[in-house]
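# Fold and contact review
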Amino acid sequence: WPYQAKLIVVTDGERILGLGDLGANGMGIPVGKLSLYTACAGIHPELCLPVMLDVGTNNETLLNDPYYVGLRQKRLSGAAYDEFVDEFIAAARAAFPGVLIQFEDFANHSAFHLLQKYRDSIPTFNDDIQGTASVALAGLFSALRITGGRLSDQKLLFLGAGEAATGIADLVVAAMIAEGTSETEARLRVWLVDSRGLVVKSRKALSEHKLRYAHDHPPVTDFPSAIRALKPSAIIGVAAVGNTFTPEVLQLMARLNERPIIFALSNPTSKSECSAEDAYRHTGGRALFACGSPYDPVQLDGKTFVPRQGNNSYIFPGVGLGAIASGTRLVTDEMFMAAARALVKLVSDEDIEQGSLYPALPRIREVSANIAAAVADVAYKRGLTAGNAPKDLIGYIRSQMYDGRY
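First, a word on scope: everything that follows refers to the structure included in this document.

The 6 strands are arranged S7-S6-S5-S8-S9-S10 in an open sheet whose pairing can be described as mixed. The open sheet has two edge strands with one neighbour each: strand S7 (197-198) and strand S10 (288-291). Inspection of the sheet shows strand S9 (residues 261-264) paired to S10 by 4 bridges, in the parallel sense. For Ala264, the partnering residue across the bridge sits in S10 and is Cys291. Sitting on the sheet, helix H5 (residues 127-147) touches strand S5 (156-159), strand S8 (234-237), S9 and S10, and the angle it makes with S9 is about 155 degrees.

Okay, structure coming up:
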């Protein structure tokens, strides 16, 4: 002290990974995220502040646990919850002017609402929605280096219809529009399956974030049937329900596509839609695979496949670094698009040859520096920050990176 935070990661603990409502026990998430900001992007620890908004928990096990450290009450909701978050945002910005605020592991109903509420007025983003979207889009771009064709020629089927699914879908649609496709046509290339089956227009009481991807189609109750009906070129699992990409699903995708794109992005490992070995084995080694959980290399028919995680840690550290280094007033979807394109450029031909759609994690600081430069470039070009861009932007970014070696 005196202390000047430039980056806050905040959670209310309601949807921690695939584990659900952990209440105040979710404090490890903002601490862990900020550790990754420092390790992966060189943001100085003194600039980082983890925050847990303890608004209670609906987890009965925790409420009955004598050692639970959080408030022993049901979760705050509605106007009272909004007022509390408003108070936090106002206090954070008063104490630390210009601070970047990352929302992390909020439940769907809060995540979308808070992002829409604050994104056009303060520098903020939701990593579960936007970071996940950016890393998934980068993986799709890498896969297209193998299959050829444009993103707008693909048909994507998501298993899951929450923050991650609609976040990825929105950024994919934006990328298709950038290729010259109309928004209407782009949205028709993206379909969602939730716990009740295919999301279609005829279904009643759809939440707002699902409505954008509710298309005219007869109801379909299960995922394999949705694959048969829609014939997607890519399936993306973000529902945090383990083993849902069954051998039947994988074999179906292999029959429909010469090189099926299969992203099993849920974590932890127990929630993964399928293992790397299953993805390769049930597609005859033809799957273009990315995972949310770590898997060892897979040996199949004399070839070694090296699956890599489509993990947000490729994206959010660089985005945060670029936002802080440039002093941007907002964090925009264009920045996440730029981050995805910067990441793809770092995937080598050798990576692609061994089935890796992302660069190796030991290169993460190089990755973060390049993503930060791409994000900062958008901030300068869009007039979102004071002053002009440095002549050597990547050099400037690297000069801002903390090195923990002594």
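Our focus in this paragraph is the packing of aromatic side chains. The description of an aromatic ring pair uses the distance of the two centres, along with the angle that the planes make with each other. A full pass over the atoms with the stated rule returns 9 aromatic pairs. Relative to Phe96, the ring of Tyr3 has its centre 6.0 Å away and its plane inclined at 80 degrees; by these criteria the two rings are edge-to-face. Of the two residues, Tyr3 is situated in the segment before strand S1 (7-11) and Phe96 in the loop between helix H3 (78-95) and strand S3 (100-103); the sequence distance between them amounts to 93 residues. By relative accessible area, which is 23% here, Tyr3 ends up partly exposed. For Phe96, a relative accessible area of 9% gives the class buried. Connected via pairs of aromatic rings, a cluster forms that spans Phe103, Phe106 and Tyr118.

Note on placement: Glu104 falls in the loop between S3 and helix H4 (108-118). With relative accessibility at 3%, the residue Glu104 sits in the buried group. There is a polar contact of 3.4 Å between the side chain of Glu104 and the side chain of Lys33. Polar contacts involving the side chain of Glu104 include one to the side chain of Gln102, which spans 2.6 Å.

This part is about the sheet that holds S1. Spatially, the 4 strands line up as an open sheet ordered S2-S1-S3-S4, and their pairing is parallel. Because the sheet does not close on itself, it has two edges, and the strands there are strand S2 (48-52) and strand S4 (124-126). Taking each pair of neighbouring strands and ignoring which way they run, the sheet shows an average axis angle of 20 degrees. As paired strands, S1 and S2 are joined by 5 bridges and run parallel to one another. Across the sheet, the residue bridging to Val9 is Pro50, located in S2. This element, H5, spans S3 and S4 of the sheet and lies at about 75 degrees to S4.

Conventions adopted
- Throughout this document, residue positions are counted from 1 along each chain, in the order its sequence is written.
- The predicted origin of the model limits local features to residues at a pLDDT of at least 70 and limits the giving and counting of side-chain atom pairs to 80 or more, whereas totals for whole chains, interfaces and linings rest on all residues.
- Heavy atoms throughout the structure, all of them, feed into the side-chain values; hydrogens and water do not.
- Whether two strands pair depends on DSSP finding at least two bridges between them.
- Put simply, DSSP marks the helices as runs of H or I at least four residues long and the strands as runs of E at least two long, and each gets a number from the N terminus on.
- Here, residues are in contact when the closest pair of their heavy atoms is within 4.5 Å.
- Axes, fitted as lines to C-alpha atoms, cover a helix only where it is in contact. Angles between the N-to-C directions of the axes lie from 0 to 180 degrees.
- Pairs were defined over the aromatic rings of Phe, Tyr and Trp, the Trp ring being its six-membered one, requiring ring centres within 6.5 Å. Orientation was assigned from the angle between planes: stacked under 30 degrees, edge-to-face over 60, tilted for the rest.
- Here's how the labels work: a residue is buried when its accessible area is under 20% of the maximum for its type, exposed when over 50%, partly exposed in between, all with a 1.4 Å probe on protein chains only.
- Think of a polar contact as two N or O atoms within 3.5 Å of one another; within protein, one of them needs to be a possible hydrogen donor and the other a possible acceptor, and neighboring residues in sequence only count if both atoms come from side chains.

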